[in-house]
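For reference, the chains in residue letters:
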Amino acid sequence: MKLNPIKCKEMLIYFMNNHNFIVSPNVIGGKSIERIKAFKLLGVYMSNDLKWTHHVENIVKNGHNRLYSLRVLKQCGVPPPSLAKVYTAVFRPALEYAVPVWQNIPDFLSNKIESIPEKSYAHHFNEIQ
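Presented here is a report on the structure given in the accompanying data block.

Conventions used here
- Residues numbered from 1 in each chain as written.
- Predicted model: local features only at pLDDT ≥ 70, side-chain atom pairs only at ≥ 80, totals over all residues.
- Heavy atoms only, no water.
- Pairing = 2+ DSSP bridges.
- Helix = DSSP H or I, 4+ residues; strand = E, 2+ residues; numbered from the N terminus.
- Buried < 20%, exposed > 50% of the residue type's maximum accessible area, 1.4 Å probe, protein only.

### Some words on the pairing of strand S6 (residues 44-47)
Okay, so step 1: In this sheet, S6 lies alongside strand S5 (residues 38-41) in antiparallel orientation, the contact comprising four bridges. Counted as the bridge partner of phenylalanine 39 is methionine 46 from S6.
Okay, so step 2: Between S5 and S6, which pair antiparallel in sequence order, lie two residues; one of them, leucine 42, sits at a positive phi of approximately 55°.

### What about unusual backbone geometry?
Okay, so step 1: A positive phi angle is found at leucine 42, which is not glycine, with a value near 55°.
Okay, so step 2: Secondary-structure assignment places leucine 42 in the loop between S5 and S6.
Okay, so step 3: A positive phi is found at leucine 50, a non-glycine position, where the angle reads about 60°.
Okay, so step 4: Mapped onto the elements of the fold, leucine 50 is located in the loop between S6 and helix H1 (53-75).
Okay, so step 5: Look at leucine 50 and you get partly exposed, because its relative accessible area is 39%.

Structural data, given as structure tokens:
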């Protein structure tokens, strides 16, 4: 198998407080490989510090985009039981995707994720309750 240096990426994972070390880049076929700080692998964002902040920020952003869809459906007159079905089929799975991988996140990140559905549920489905 021949590697394509344009499609290859390199990510250094380090836990040292001193970042003043120099690591020479990997080279394939005379071209250096791009060094990145975060990447998406099977829908989960990994960062070079192995923290979940980048992943949670993307989940929250995606959640707000899907909330907009719920607002539009409500404005179009979709009944609350159908909105609840959309919520459980489309919205909630996006927030919980690959949760076994990143479930042990700090409380402030967990609260950030959980605050989206609470707000949306109370706002969009108050007729159901």
